[in-house]
Amino acid sequence: MKTRRDTIVFVTGTGTDVGKTVAAAALLAALRDAGVSAQALKPVQTGCVPEADGLPTGDAAVYADACPGVSVATLVSFPEPCSPHLAAAMSGTRLTVGEVAAAVRERSRDADITVVEGAGGLLVPLNREETMAELAALLDAEVVLVVANVLGAINHALLTLESARNKGLRVAAVVLTSPRPESPEALDETIRQDNIAVLKDMGRVDLVVELPYFAALSENDPEARADAWREAAARLRPVAGALTEPAANAARRGEGITAFDETHLWHPYAATTPPPKTWSVRATRGTRIVLEDGRELIDGMSSWWAAVHGYNHPALLEALRTQAGRMPHVMFGGLTHEPAVALGEKLLSLAPAGLSRVFFCDSGSVSVEAALKMAIQYQVAIGKPGKHRIAAPLGGYHGDTLGAMGVCDPVNGMHGLFSGVVPNQVFFDRPACRFGGRFDPDTLSSMEAAFREHGDELAALILEPVVQGAGGMWMYHQDYLRHARRLCDRHGVLLILDEVATGFGRTGKMFAAEWADVAPDILCVGKALTGGCMTLAAVLAREEIARAISAHGVFMHGPTFMANPLACAVARASLDLLDQYPWQERVGEIEIQLQRGLAPCRNVSGVADVRVLGAIGVVELQEPVNAPRLQRFFVDRHGVWIRPFAKLIYVMPPYVSAEKDVAALTAAIAAAVREGEWK
Ligand code: PLP
């Protein structure tokens, strides 16, 4: 048999009383007839007292009738005949999708196929946040949708199919159940055939089968019932067949994904041979990364500063879907649209004072390119074409495109490899005084010398305010930034602040520059701008910069996907979310937890430094870490997702991370350091 052991089939309906239990029972019989080891599982049963007198009751009795001897289990049952969320609440408990899914998965190991019958329809709540759809998604189930074949069937089926796909579910088949032939609801042959055709076509379902009404199933004649079940099973044979043949997408799961990836895909900062170790991710939800094998990792990275609200946030997904329905993309040349305007308005309301023009682009690196070009064009426009170089501190990181690379740290960056291609910029000492420490004015001398020597050639100074990110996760004193502002003003140099990483709350302020009370001339934002859902960045500039460039010509940049409406809509929703929960409080709490949780690392030999700012926690070792070994340790032993680099083990969890999750992250780092797993 080709079936993966522990395949889960989730049988749901367009509502209650559509014949779901009969369809599930017939499917069990069809699987048995096909020689598959199948079992039935009812995760939540409401309105039923289980196993009275040792006899199966409710749905379990129907399964036993269709498929004598089949293993049937109910995980939880409640006496109240209502939705599981309410029935559970009335019994003084709360169901969670995570716990129910874990219990189902545990049981699913006992058979090749486990037929799980949901309660009611797909959006029936298990609690006030999660529905049966989230359960089916977490189970990575094949969905069989049961639809009462009466007037309205198409509408109900299409609504459920749309909803299922919105939740990332695969629908293997639709089963149309007929009412009694003599009932007024029964449809004639023409409509029934049309329903099948429409569901295949408009519903994009390959397999639509009819299950007729079997009067014998409600009679007391065991032989007649057995005949009826035999016929019902025969009707569902194609569904059983589809579930036992690995579908094209099923074959892609697990090892299939890794094999292709290793042979054909390239990963960030990685060689292809040997391919880097990767973990295949099936899904994300909240602060969890769900691996293909079902393991759930606690996220410590926010997908590189981006997923600040966690993953799959309903408000962001809703914005994405609504916008997708209207207009996924349209060119921005000569056209404009509401998502861009709404986002621009919101961005300017949050941004440091004085910024009034927004240029949207695709990624952080491109925003840096655009910012550099903007500064150079500005100097040309005001009659200073000699001011065409850029100053930057050592230790910075601004992206991987050529212009951005040119202002990254020239040693850690890739200048050596690309010498002659990367522009020759002006560098000075990295900020030496740490954030929260004493400021030593002598540490400014290198920056001052650079301005003294090259001020006439400089179009702009670019830096990451307060936190140098990928260049070393270094948190520095805000006076450095204040002084940079003063020097720029003195030398007619524009100040570009790259808040691609730090923007939108990560350091405890909306923008890190607020720690120094400094406003830039040009600001780059990205990453968390869309809550990590889509790629989008923006360059914000002062009006006089836009005016000067425009008086002289046009700004020479215009990406194809500029102001992509999907990305803009999600970004607006993400920024609105920041108004809706106390992110600053959450970041403050995470900061305290990170400080407390990472403090024990300070005294361990091999540790050079421990530093925390906002929701960023860093342990710096004295030597480069063994990243592959560390990652295996974090994933396999601690169930956390932390990706170290160079000498750094660091975390920047989503702002919505629970206290116990942050504790798990710091405990994993402390264990790695204590046990020498980083060597
Ligand atoms: N600027 C900073 C400060 C960054 O941290 C990064 C990425 O890490 C970038 C720019 C580049 O952004 P992207 O990777 O979206 O091109």
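So, how was this worked out
Residues numbered from 1 in each chain as written. Predicted model: local features only at pLDDT ≥ 70, side-chain atom pairs only at ≥ 80, totals over all residues. Heavy atoms only, no water. Helix = DSSP H or I, 4+ residues; strand = E, 2+ residues; numbered from the N terminus. Buried < 20%, exposed > 50% of the residue type's maximum accessible area, 1.4 Å probe, protein only. Contact = heavy atoms within 4.5 Å. Areas by Shrake-Rupley, 256 points an atom, 1.4 Å probe, with all protein chains shown as cover. Lys, Arg positive; Asp, Glu negative; His and termini not counted. Charge placed at Lys NZ, Arg CZ, Asp CG, Glu CD. Pairing = 2+ DSSP bridges. Salt bridge = Lys/Arg side-chain N within 4 Å of Asp/Glu carboxyl O. Phe/Tyr/Trp six-rings, centres within 6.5 Å; stacked < 30°, edge-to-face > 60°. Lys NZ or Arg CZ within 6 Å of the ring centre and 35° of its normal. Axes fitted to C-alpha atoms, helices over the stretch in contact; angles between N-to-C directions. Parallel < 35°, antiparallel > 145°, perpendicular 65-115°, else oblique. Left-handed = near helix turned anticlockwise from the far one by under 90°. Nonpolar A, V, L, I, M, F, W, Y, C, P; charged D, E, K, R; others polar. Near = heavy atom within 4 Å. Polar contact = N/O pair within 3.5 Å; in protein donor to acceptor, adjacent residues only side chain to side chain. Patch = residues over 30% accessible without salt bridge, like charges linked within 9 Å, V, L, I, M, F, W, Y side chains within 5 Å. pLDDT = per-residue confidence, 0-100. Disulfide = S-S within 2.5 Å. Expected span 1.5 Å × (residues − 1).

## Comments concerning the overall build of the protein
Check the secondary structure of the protein and you find 23 helices and 23 strands. Across the 679 residues that make up the protein, the buried fraction comes to 53%. In the protein, once contacts between residues fewer than 6 apart in sequence are set aside, the share between residues at least 24 apart is 75%. When the accessible surface of the protein is summed, it comes to about 29000 Å², and 54% of that surface belongs to carbon and sulfur atoms. The protein carries 63 positive and 77 negative side-chain charges, and their two centres are separated by 5 Å.

## Quick notes on the sheet that holds strand 10 (residues 296-299)
Spatial ordering of the open sheet is given by 8-9-10-22, a layout of 4 strands whose pairing is mixed. The outermost strands of the open sheet, each flanked by one partner alone, are strand 8 (281-285) and strand 22 (640-641). Two strands pair when backbone bridges link them, and strand 10 and strand 22 are joined in this way by 2 bridges, in the parallel orientation. Across the sheet, Asp299 pairs through a bridge with Trp641, a residue of strand 22.

## Notes on the pattern of salt bridges
All chains considered together, the criterion is met by 40 salt bridges. Ionic pairing is found between Glu457 and Arg389, a salt bridge with its closest N-O pair at 3.1 Å. Of this pair, Glu457 sits in the loop between helix 17 (445-454) and strand 14 (458-463) while Arg389 sits in strand 12 (residues 389-393); the two residues are 68 residues apart in sequence, bridging distant segments of the chain. When the shortest N-O distance is used, the salt bridge between Asp609 and Arg611 registers 2.7 Å.

## Some details on the environment of Leu211
Examined against the element boundaries, Leu211 turns out to sit in strand 7 (residues 208-211). When the C-alpha positions of Leu211 and Ala484 are compared, they lie 75 Å apart, and in sequence the two are 273 residues distant. What Leu211 contacts, discounting residues up to four positions off in sequence, is Val22, Ala23, Val175, Leu176, Thr177, Ser178, Ala232 and Arg235.

## Thoughts on the packing of aromatic side chains
Here the structure, examined in full by the defined rule, presents 8 aromatic pairs. Plain terms: the ring middles of Trp279 and Trp641 are 5.8 Å apart, the flat faces sit at 75° to each other, and that makes the pair edge-to-face. Placement of the pair is Trp279 in the loop between helix 11 (255-264) and strand 8 and Trp641 in strand 22, with a sequence separation of 362 residues. A single burial state applies to Trp279 and to Trp641, both of which are buried. Between Lys277 and the ring centre of Trp279, over which it is positioned, the NZ or CZ distance is 4.6 Å.

## A short note on the sheet that holds strand 19 (residues 537-542)
Read from one edge of the open sheet, 7 strands run 11-19-18-17-14-12-13, paired in mixed fashion. The open sheet has two edge strands with one neighbour each: strand 11 (355-361) and strand 13 (426-428). The mean inter-strand angle of the sheet, taken between neighbouring strand axes irrespective of direction, is 20°. Across 4 bridges, the pairing between strand 18 (residues 522-525) and strand 19 is antiparallel.

## With respect to the side chain of Thr21
With respect to the helices and strands, the residue Thr21 is situated in helix 1 (residues 20-33). When sequence neighbours within four positions are dropped, the list of residues in contact with Thr21 reads Asp59, Val62, Tyr63 and Glu117.

## As for the environment of Leu497
Its location among the elements puts Leu497 in strand 17 (residues 494-498). Take Leu497: its relative accessible area is 0%, and that puts it in the buried class.

## Overview of unusual backbone geometry
Here the bond from Thr273 into Pro274 is cis, since omega is -5°, no more than 30 degrees from zero. Of note, the phi angle at Trp305 is positive, near 75°, even though the residue is not glycine. With respect to the element layout, Trp305 can be found in helix 12 (residues 302-305).

## A look at the packing of helix 21 (residues 583-598) against helix 23 (residues 659-674)
Their axes nearest at 9 Å, the elements helix 21 and helix 23 cross at an angle of 30°. Classified by the interaxial angle, the pair formed by helix 21 and helix 23 is roughly parallel. Handedness of the helix 21/helix 23 crossing: right-handed. Facing Ile590, Gln593, Leu594, Gly597 and Leu598 of helix 21, the residues of helix 23 in contact are Glu659, Val662, Ala663, Thr666, Ile669 and Ala670. Counted by class, the contact of helix 21 with helix 23 contains 7 nonpolar, 3 polar and 1 charged residues.

## Remarks on the site of the ligand
Residues in close proximity to the ligand include Ser363, Gly364, Ser365, Tyr397, His398, Gly399, Glu464, Asp498, Val500, Ala501 and Lys527, which together make up its full environment. Between the ligand and Gly364, the relevant distance is 2.9 Å, taken from an oxygen atom to a main-chain nitrogen or oxygen of the residue. Between a nitrogen atom of the ligand and a side-chain N or O atom of Asp498, the distance comes to 2.6 Å. For the ligand, the accessible surface in isolation is 390 Å², of which the surrounding protein chains cover 82%. Across the shell around the ligand, the residue classes tally to 3 nonpolar, 5 polar and 3 charged.

## What to know about the pairing of strand 19
Of all 6 residues that make up strand 19, 5 are buried, and the element is covered over most of its length. Sheet topology note: the strand 11/strand 19 ladder contains 6 bridges and is antiparallel. By the bridge assignment for strand 19, Phe360 is matched with Ala538.

## Looking at a nonpolar patch on the surface
A cluster of nonpolar side chains, Leu402, Leu417, Phe418 and Val421, forms an exposed patch at the surface whose accessible area comes to about 390 Å². Position of Phe418 among the secondary structure elements: in the loop between helix 16 (402-405) and strand 13.

## Here we look at the confidence of the model for the protein
Mean pLDDT over the protein stands at 94; residues scoring 70 or higher make up 96%. Residue range residues 248-252 is modelled with pLDDT below 50. Its contacts to residues more than four positions away, or to other chains, number 3 contacts.

## Side note on the state of the cysteines
If you walk through the whole model with that rule in mind, you get 0 disulfides. Unpaired in this structure, Cys433 has its nearest cysteine sulfur neighbour in Cys488, at a distance of 19 Å. Accessibility expressed as a relative area gives 10% for Cys433, which makes it buried. Here Cys488 is not disulfide-linked; the sulfur of Cys524 is the nearest cysteine sulfur, at 14 Å. What makes Cys488 buried here is its relative accessible area of 0%.

## Observations regarding the packing of helix 17 against helix 18 (residues 478-491)
Their axes nearest at 11 Å, the elements helix 17 and helix 18 cross at an angle of 10°. As the angle between them shows, helix 17 and helix 18 are arranged roughly parallel. In this structure, helix 17 contributes Met447, Glu448, Phe451 and Arg452 to the contact, and helix 18 contributes Tyr480, His483, Ala484, Leu487, Cys488 and His491. Of the residues assigned to the contact of helix 17 with helix 18, the class counts are 6 nonpolar, 2 polar and 2 charged.

## Some details on helix 22 (residues 627-638)
If you check helix 22, its first and last C-alpha atoms are 15 Å apart, about what 12 residues at 1.5 Å a residue would give, namely 16 Å. By the N-cap criterion, in which a side-chain oxygen at the helix start approaches the backbone nitrogen of a residue two or three places on, helix 22 is capped by Asn626, the distance to Arg629 being 3.2 Å. Of the residues one or two after helix 22, Gly639 is the one with positive phi, at around 60°.

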